[in-house]
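Architecture and fold: a report
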Amino acid sequence: MAAKVQAGSAQKVADQELEEKLGHSAVLDAKQATDEEHAQTLIQGLRENRRAVLWSILISMTIIMEGYDTILISNFFAYPEFQKKFGQYFAGNIGWQVTGEWQTALNMGSTAGAIFGGLINGYMASRFGYRWTMIGSLGVLNAFIFIVFFAPGAEVLLVGQILCGLSWGVFATLAPAYASEVCPTKLRGYLTTYVNLCWAIGQLLATGVLRGCLNIKGEMGYRIPFAVQWLWPIPLMVVCFLAPESPWWLVRTERLEQARQSMVRLSGEKTDEQINNQLAMMVHTIRIEAEVTKGATYLDCFKGENLRRTEIVCVTFMGQILSGSSFAYTPTYFFTTAGMDTAQAFNLSLGAKGIAFIGTVLSWWLISYWGRRPLYVGGMGSLCIILFLIGILDVSAGNKGLWPSGGLCVLWLFVYSLTIGPLAYSIISETSSVHLRPLSVVLSRTSYQLINIISQFLQAYMMNPVEWNLLGKTGFFWGGTAFCVFVWSYFRLPEVKDRTYEELDILFMNKVSARKFSTTHVDPYASAAPASRDVMEVEHKSSSAD
């Protein structure tokens, strides 16, 4: 009851401040914008926001770089030339191998850098905006790539990975936040999950480049894949410079006229009235949140109902790792250590990344009809079963189950790309409050990276033939973690499909159960209803008098 009173009070204060800033009809304008978003079809959304779609697609392409590098290092451990340069020779049938310690360090390098890069980005984006933060990150990345390209030993390569990770931490948090803020409700799911498609594109490119360079002798065999990373930063810096700033960020910083200009640049066929109504809705949303969240620091993400939101975005993103992605997403090293020919292992991995691309595209159709919660819960349960099957195959069939295990890894990747992979980006961007979005997205990504560090440490030892050598039995461990996230998501993950940010604010303020989010009626302008009727009556009388 107290929560509902708090929400009602916040709505009344927001109504009053909105009228003071934009005039007496501003509340009606904001309500009209909300109603239009709900009534809007997909085709209308694309037509009226086609420029916003284009800019979101271009900005999200920075994720291609992160996806490219993420798969690069883990696959290099199965790369003959890389093993000779940074590994040691072991007697018997083992041959050249990068030791478990250095596999762990190199895997963790970019992850550790991404954690610090993301945390810094939370403040940088809040202060300087999305565009200039992205431009600066791309600029320094150009220099850091030189370090990994010319690295004479594992120590220097590790330093380069850490420094490059600083920029990748920015890309991973800014791209989904920007996508969620420049487009309306009907398009949010498509454009935030497109971020995962960019990830899949980056990994597909990396696998193709690795396969193409596999037979190149000498150090250029692994240096060329590093050098390919220079193709992106400068063109993307130009894109970011030309792109409009997020109107939500401009409203948060009280730059209403600049926000209006940004919306004009992002719109396709919107009228001036529609743009003014949308601006009123943004101001109203920000004011509702400001009544509950006075500050904009990381500590505020753990206060009041924002604590619940932070839990959801963090655990949702951690679910990508806990679903077994360290094991099944890039299984090349698993297959080579289990005895599969190196070229065949890379061929299988290349095909799997193609399947991931197709799965992400198909996820757009599923999201539009089923929403976020059913797909995430069902997807996590399915991944759990597949991982247990891989473990059972290894115990029962050994090397004879190698190709069936490969098929299950491809199936795992398809289900992951259809559900957990793209949905995580959508959920973290839509669930976080507008006021704290840059910080909330950073916290979710930091949680992901921290659990990823633990995952990479364990995975390096579980798979390495000179360490624990568990091979397919690793599926039992990751199947267990996936089951834990499955249980959590059933009880704690709400449905955010077709909800405006204002409606989500009120649902969280009223402490609505996660399983009732989709069926609970919400009216962000209920407190303004009597006043709205009075305004309409006055306008009617005025027109009659004329």
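Presented here is an overview of the structure given in this document. In this text the structure is predicted, and so the values were computed from the model without any measurement. (Residues numbered from 1 in each chain as written. Predicted model: local features only at pLDDT ≥ 70, side-chain atom pairs only at ≥ 80, totals over all residues. Heavy atoms only, no water.)

**Thoughts on the overall build of the protein chain**
Counting its regular elements, the protein chain contains 25 helices and two strands. For the protein chain, the residues scored as buried account for 59% of the 546 residues in total. Considering only contacts in the protein chain between residues 6 or more positions apart, those separated by 24 or more positions represent 81%. Summed over its atoms, the accessible surface of the protein chain is roughly 20,700 Å², and 65% of this surface lies on carbon and sulfur atoms. (Helix = DSSP H or I, 4+ residues; strand = E, 2+ residues; numbered from the N terminus. Buried < 20%, exposed > 50% of the residue type's maximum accessible area, 1.4 Å probe, protein only. Contact = heavy atoms within 4.5 Å. Areas by Shrake-Rupley, 256 points an atom, 1.4 Å probe, with all protein chains shown as cover.)

**Looking at the nonpolar core**
Core analysis: the biggest nonpolar cluster contains 135 residues, and Phe76, Tyr79, Phe82 and Phe226 have the highest contact counts within it. In contact with phenylalanine 226, not counting residues within four places along its chain, are Leu72, Ile73, Phe76, Ile145, Val148, Phe149, Leu157 and Gln161. Core analysis: the second largest hydrophobic core is formed by six residues, Val27, Ala280, Met281 and Tyr525 among them. (Core = buried A, V, L, I, M, F, W, Y, C linked by side-chain atoms within 4.5 Å.)

**A look at a nonpolar patch on the surface**
A contiguous nonpolar patch, built from Phe116, Ile120, Met124, Phe128, Trp132, Ile234, Val238, Phe241 and Leu242 and spanning about 930 Å² of accessible area, is present on the exposed surface. Those elements that place two or more of their residues in the nonpolar patch are helix H7 (100-128) and helix H12 (233-242). Note on isoleucine 234: relative accessible area 53%, which makes it exposed. (Patch = residues over 30% accessible without salt bridge, like charges linked within 9 Å, V, L, I, M, F, W, Y side chains within 5 Å. Salt bridge = Lys/Arg side-chain N within 4 Å of Asp/Glu carboxyl O.)

**Observations concerning the pattern of salt bridges**
Throughout the structure, instances matching the rule amount to 13 salt bridges. For the salt bridge of arginine 437 with glutamate 181, the shortest nitrogen-to-oxygen distance reads 3.2 Å. Taken together, the residues span a long stretch of sequence, with arginine 437 in helix H22 (residues 437-463) and glutamate 181 in helix H9 (residues 154-182) at a distance of 256 residues. Here arginine 437 falls in the buried class, since its relative accessible area comes to 0%. Residues participating in the shared-partner salt-bridge network are Lys85, Glu219 and Arg223.

What is shown is where atoms sit, not what they do.
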